[in-house]
Structures are given as C-alpha cells and as structure tokens.
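Chain residues, written in single-letter form:
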Amino acid sequence: MEHIVPNLKLLATGICFLAVLSCKEAKTPEQTEDSVETANASQAAEAGEASLPLDRLNLPEGFEISTFAEGIDDARSMAMGDKGTLFVGTRKANKLYAIQDLDGDFKADRTLVLDTTLIVPNGIAFRNGDLYVAEINRLLRYRNIEDNLEALPEPEIIYEDYPTEGHHGWKYIAFGPDDKLYVPVGAPCNICDSAQVDKRYASITRMDPDGSNREVYANGVRNTVGFTWHPETGELWFTDNGRDMMGDDVPPCELNRVSESGQHFGYPFCHGGTIADPEYGDQRPCSDFVPPVQNLGAHVAPLGVKFYTGEMFPEQYKGQAFIAEHGSWNRSAKVGYRITLVKLDGNKAVSYTPFIDGWLDDDSQEAFGRPVDLLWLEDGSMLISDDYGDAIYRVTYSQP
C-alpha cells in the first residue's frame, strides 16, 4: 500500500501537503537540498565507499550489493535507453533523471536532471529512441532523447484525458511484447467501486504507442505500480497493493497473472482470492475472480517485479520472479522494505522468501531505504531504485 498523494490541483499549486503525507520520513535540514545530497554522494564515490550502510543488508551467499548512483532524489521507475542511458522517474520530487556510466565500470559517472516541471512523473518507458513519461493524467513522448540530453526536446502529448485524482494516480508504464503501452489507473480511494464511475479506475489499460486504440485490459486492480511479462509465455504479471484499514495482517498484497484480456482480479469485492471485503464482499463472490498466483505479506507494498533472464545469477534463479517491496506505512510494526523472490513451477508459486533485506531495522523500526523498481543490466546484474535512500543499487553474483 503506497501512501496517497493529494489531487493534481494541489500538486500544481505546490501545497506542502505532499510532504506531510509522504512515505519518506522527515530528513534533517542538511539533507533536503539537492546540492548537499549530490556533494555527499560525490565525496563517497571519491572515497570508493557508499554513503549508505550497505553492510546492514543480507544477501544469499555469493551475492554482493553496491551503489550504482547516489543522490538521485526520490528515485522510482527506471528505463534503459538503447545507448546505455538510465532514465529515472520520481513521484514526489517531480524530477526526470538521465544517468550515464561513461567508462563502463558499473558506476554512474554523470547525472543529469532533465526536467523539474513535471507533475508526478513516476512512470517512464523507452521505445525506439523515444522516452515516454506518464504524469497523473497525461502521457508525454520525448523524441530521440539520448541524442538531446543537453537540450531536452519539447515533448509530444500523447494523451491528457486520464483521471486527475492523486490518490493512487501515479503511474507505472511499460511496453509489452505486443508493442502496446500498458498504463494502470489506480482506484481513487482506499476502498470503493470506482469502476462504476469510470471503467478505467482500478484497471490496467493498454494502447498503441501513439495513444490510439486505448482499451481496458485487466479489471479489479486496486493499485499496481509494477508489472512485467513472462519471458516464455509473454503473459502479463503484476503486483497489486492490498487495501488498508482491515488490520495489521489482512488483506494480503498480491502477485497476479493475466492469461487473457478482460479478466477481473477482485477489487473491491474480494482480496487475496478468498477474503470477502467487509463493505463490498456481499455483492459478488470470490469465485467470480482470478485468484493471485501468490499472496504476499499484508501492507508490504509490492512495486517492481521482474523475471530473471540474465546469465550472471545461478541457474536456480532463471525465470523466477523478483519483487521490490516498498514497505508499510500504517502497520503497527513495519514490514516489507526488501526484495523478495517468488519461485515458480510453471504458473504456480512454490515459495515466497526474502532475497535481500536489512533496509529496515526490525528492533528500532528505522529504515535507510525503500526499494521501488528493478531492472536487469546486460551483464545479468540487477539494478534496484530506492526513493528513500535516493540511490540506485547494483546486485552482482560471483561463485563463492
């Protein structure tokens, strides 16, 4: 469950309500300025050390984690350009980043802030040289962006008629194997039958790259901020954030699989495949809906999900699903703040376990990071964005 943000009008007028409701805990004054964050990151890089306490993180034997880039304020969704530029969107910082590893040592050498005027540019996708950026209600396309990093071209507006509600309004976007762009629209509430107002609410939509032929692809999706396609079947898999205010341990968040267009995944009537909603559950039975492949922890706020397709990790990880769990914001004891692994046998989950944890100290309940998105580099290593630690991590494996 990612925390709500205010509506688009409040965002546009700069109301500080966003900072009050933010999932990120308050930073000290000296950490709030971009210049200081960048300086701290640069000093750490010069010293050959990360400024974040990565030694607190727990990884399986043979795996190591390092920082690819630091000082990336509110780092959220990631997309890789054809020429090796890593693009990063943000939710609260309203920044669009371009990060370059110019010498090929898997450390960022150059970070550019491309734009600071966008409204919640969380969703980004790259296709045929163009960068697509999703704000709450509109989609922009920057043509040939890697050739124009120094002078960002004026974006083309693909559409600007999606709902404007800030509650679950931020987008995660990606192109599927069908070359269509997939764009979710979260429910504008904790729990409500919003599809009765606009069928796009609580759904995943898709469209052609130019914005034409838009349609609802999946229904009953409360708030997905991460999805991907199975490397063998080409089917869409997505994480979904469960509703709030039913207790610490109910309902679960979910990992779901879409086997055909038009399927319904339960919201707001059923959660986790078997749990009737206390307000809407009497309207439709859980048997009407597609159950999750795997129920995840309640309130863990699963975001990015990717199947491993590289060559660096051991064979046992091939085709398995990694999930970035952003972490709870309203549970009495925090959970999430980790990378988890769902092992599969075909389309069935056989286990759900932590892969990397330690961003949250369970005893003190203090966290130094919150994972958001995942991306694979060409060498098979994993990138992880962190909107609380303001960093991009790189995970590698070498035989013990």
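Above this text you will find the structure in question.
Residues numbered from 1 in each chain as written. Predicted model: local features only at pLDDT ≥ 70, side-chain atom pairs only at ≥ 80, totals over all residues. Heavy atoms only, no water.

Considering the overall build of the protein
Part 1 of the argument: Across its full length, the protein carries 3 helices and 28 strands.
Part 2 of the argument: Every one of the 400 residues in the protein was classed for burial, and the buried ones make up 58%.
Part 3 of the argument: Counting only contacts in the protein whose residues sit at least 6 apart along the sequence, the fraction spanning at least 24 positions is 56%.
Part 4 of the argument: For the protein, the accessible surface area stands at approximately 16,100 Å², while carbon and sulfur atoms represent 46% of it. (Helix = DSSP H or I, 4+ residues; strand = E, 2+ residues; numbered from the N terminus. Buried < 20%, exposed > 50% of the residue type's maximum accessible area, 1.4 Å probe, protein only. Contact = heavy atoms within 4.5 Å. Areas by Shrake-Rupley, 256 points an atom, 1.4 Å probe, with all protein chains shown as cover.)

Let's talk about the pattern of salt bridges
Pairing is possible between side chains of opposite charge, provided their charged atoms come close.
Part 1 of the argument: Applying the stated criterion across every chain yields a total of 25 salt bridges.
Part 2 of the argument: Here Lys92 and Asp74 are joined by a salt bridge, their closest N and O atoms 3.5 Å apart. Residue Lys92 is located in the loop between β3 (86–88) and β4 (96–100), and its partner Asp74 is located in the loop between β1 (63–70) and β2 (78–80); the two are separated by 18 residues in the primary sequence.
Part 3 of the argument: When its relative accessible area of 18% is taken as the criterion, Lys92 is described as buried.
Part 4 of the argument: A relative accessible area of 2% places Asp74 in the buried class.
Part 5 of the argument: For the salt bridge of Lys318 with Glu311, the shortest nitrogen-to-oxygen distance reads 3.5 Å.
Part 6 of the argument: The partly exposed category is assigned to Lys318, whose relative accessible area is 25%.
Part 7 of the argument: Given the relative accessible area of 65%, Glu311 is considered exposed. (Salt bridge = Lys/Arg side-chain N within 4 Å of Asp/Glu carboxyl O.)

Comments concerning the sheet that holds strand β5 (residues 110–115)
Part 1 of the argument: Read from one edge of the open sheet, 4 strands run β2-β3-β4-β5, paired in antiparallel fashion. Both edges of this open sheet fall to β2 and β5, since each of them pairs with a single strand only. In this sheet, adjacent strand axes meet at a mean angle of 25 degrees when their direction is disregarded.
Part 2 of the argument: The pairing of β3 with β4 spans 3 bridges and is classified as antiparallel. (Pairing = 2+ DSSP bridges. Axes fitted to C-alpha atoms, helices over the stretch in contact; angles between N-to-C directions.)

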